[in-house]
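# Results of the structural survey
This is what each chain is made of:
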Amino acid sequence: MMSSWALADQCPSGQYFVSAYSRDSYYRQDGTFVKATNVDAHCRTYNFSSPLKLKFEDQMPQGWPYQLDLFKKWTTIEKRDVKKALDSLPKRLRDLGEIKIYRAVKSSFPNNHASSGPDDSVIVLYDSAKKFGYKQALAHEMSHVLFSKLSADEKEEYYSFSDWKQNRGSFYTKRNDFSESDGSLFPEEDFANNVEHVVIKNGSSVNRRISDYLKLLLGLKNEK
Amino acid sequence: MRNKIKILFVFLLTASCTHEKINDNTQSEWGLINKIESEKWNEGKIISWLGAPNDIHENEKQNLKYLIYDYPKSNHQKWSFEISNKGELRNITFLPNSSNRNDFSSEQLSSKWTGCVKQKSTDNSQHFIRYTYSLECGEKHKAYMNKIGEVTSISIEI
């Protein structure tokens, strides 16, 4: 594990750490036989990375389930401030392709400044997001989008570092240290809270092992 | 001539055994899953075969426990066996990884299990919309997938 962490610290920008694993022999679809092997820990290129393409929208997103949300138009200043906040995020958290971003008055969830439909790359910012901080709100919601774009292997790496287990498709953890209390509900929320804290507060409230892993995933240790 | 026949026989025998071993390796995961399911292994049999679990999670509310086994090198989760308070196996959860994901594609599952239908369910209970993608193959077989169709786990009811 010590040698793996040493390698993990050396992954270049645009790549992330993959733990060692054993691969059984198998036949490729074209019939080629591949013998069993041990794959050492290594760095791998991110599964998804595409320059940010921001689309400001004014109407309720199609199929939006939170029907009580009142949507409104963006002001020029708000658009400017949101772009500035996104530009200040780590590249890995920013380059997630097309993001449709909406503006609404107030969330139906108490003390909630932003919502998202991660699989559809949709983010909604409410009035309170400005006072909360656009950068922090967007760090959280963009983390949800990033998590949705992680491959199965990338997610398994996070689950391993953050001690999430699965049974019958449901997730649970024995951990009792969460950067935010609702992180105990789902690994996606745990991920988004932890990334938010790593980006905004340098991970001071985040389990050290998870914080170090997320900094690698986000390229923060190598970012100049 | 007799020696040549002996050599040929030994060669054919070796080739046959090697081929069988290769097939065992490529199909070992499915072989074990099918064996556990069809023979309805209990807690004792699972532990005697796979060794002590890497972790045990107690679900006190439902009087269940989960035996967790990890892939040896990566420490990523590989199995979860749901065990009743009588030591009976209730559910097998298996998580493919890079080493065997080709054997657990949705196409492979649809060919091994019958009546498979893709489903997508929505959870709006949080401030973010949470979709669950699954392949439902009758009452006892289910696979969970991610947005791009990779199978992330399979769940088998016993």
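Residues numbered from 1 in each chain as written. Chains lettered and ligands numbered in written order. Predicted model: local features only at pLDDT ≥ 70, side-chain atom pairs only at ≥ 80, totals over all residues.

Attention shifts here to the domain arrangement of chain A. Residue and element names in this part refer to chain A. For chain A, the domain assignment lists domain 1 (2-45 + 150-217) and domain 2 (50-147). Here the side of domain 1 that touches domain 2 gets seven residues from one element, more than from any other, and that element is helix α7 (residues 187-201). Considering only residue class, the side of domain 1 that touches domain 2 consists of seven nonpolar, no polar and two charged. (Domains from an automatic or database assignment. Helix = DSSP H or I, 4+ residues; strand = E, 2+ residues; numbered from the N terminus. Nonpolar A, V, L, I, M, F, W, Y, C, P; charged D, E, K, R; others polar.)

This brings us to the sheet that holds strand β9 (residues 114-117) of chain A. All names here are of chain A. Spatial strand order, β7-β8-β10-β9: four strands in an open sheet with mixed pairing. One side of each edge strand has no neighbouring strand; the edge strands of this open sheet are β7 (50-56) and β9. Here the average twist between neighbouring strands, direction ignored, is 20 degrees. Bridge count between β7 and strand β8 (residues 96-103): five bridges; the pairing is parallel. Bridging from a neighbouring strand, S50 pairs with L96 of β8. Packing against the sheet, helix α2 (residues 76-87) makes contact with β7 and β8, and its axis sits at approximately 160 degrees to β7. With respect to the sheet, helix α5 (residues 134-149) is in contact with β8, β9 and β10 (122-125), its orientation differing from that of β9 by roughly 15 degrees. (Pairing = 2+ DSSP bridges. Axes fitted to C-alpha atoms, helices over the stretch in contact; angles between N-to-C directions. Contact = placed C-beta atoms within 7 Å.)

What follows covers the sheet that holds strand β3 (residues 77-84) of chain B. All names here are of chain B. Pairing in this open sheet of eight strands is antiparallel, and the strands run β1-β2-β3-β4-β8-β7-β6-β5 from one edge to the other. The open sheet terminates on both sides in strands that have one partner only, identified here as β1 (55-59) and β5 (116-123). Direction aside, neighbouring strands of the sheet carry axes that sit 20 degrees apart on average. Where strand β2 (residues 64-70) meets β3, seven bridges bridge the pair, whose relative direction is antiparallel. Its bridge partner being in β3, I68 is matched across the sheet by S80.

Before going further, it helps to spend a moment on the pairing of β10 of chain A. All names here are of chain A. Side chains V122 and V124 project from β10 onto one buried face, and the interleaved I123 and L125 project onto a second face that is buried too. The sheet contact formed by β8 and β10 spans four bridges and is parallel. When the sheet's bridge partners are listed, R103 is paired in β10 with L125. Inspection of the sheet shows β9 paired to β10 by four bridges, in the antiparallel sense. Residue pairing in the sheet places S115 in a bridge with V124 of β10. Here β9 hands over to β10 after four residues, with S121 in that stretch at a positive phi of 55 degrees. (Buried ≥ 20, exposed ≤ 12 C-beta atoms within 10 Å, placed from the backbone.)

Here the focus is the packing of α7 of chain A against helix α8 (residues 208-217) of chain A. Geometrically, a packed helix pair is captured by the angle between its two axes and the distance between the axes. All names here are of chain A. Relative to each other, α7 and α8 sit at 75 degrees, their axes nearing to 10 Å. Relative to α8, α7 is oriented roughly perpendicular. Here N194, V195 and V198 of α7 come into contact with α8, specifically with I210, S211, L214 and K215. By residue class, the composition of the contact of α7 with α8 is four nonpolar, two polar and one charged. (Parallel < 35°, antiparallel > 145°, perpendicular 65-115°, else oblique.)

Another aspect to go through is the interface of chain B and chain A. Many structure descriptions define interface size as the accessible area lost when the parts assemble. Contacts between the two partners involve 39 residues from chain B and, on the opposite side, 38 residues from chain A. Of all the secondary structure elements, the ones that give two or more residues to the side of chain B that touches chain A are α1 (2-26), β2, β3, β4 (89-94), β6 (130-137) and β8 (151-157) of chain B. Looking at the side of chain B that touches chain A residue by residue, the classes come out as ten nonpolar, 24 polar and five charged.

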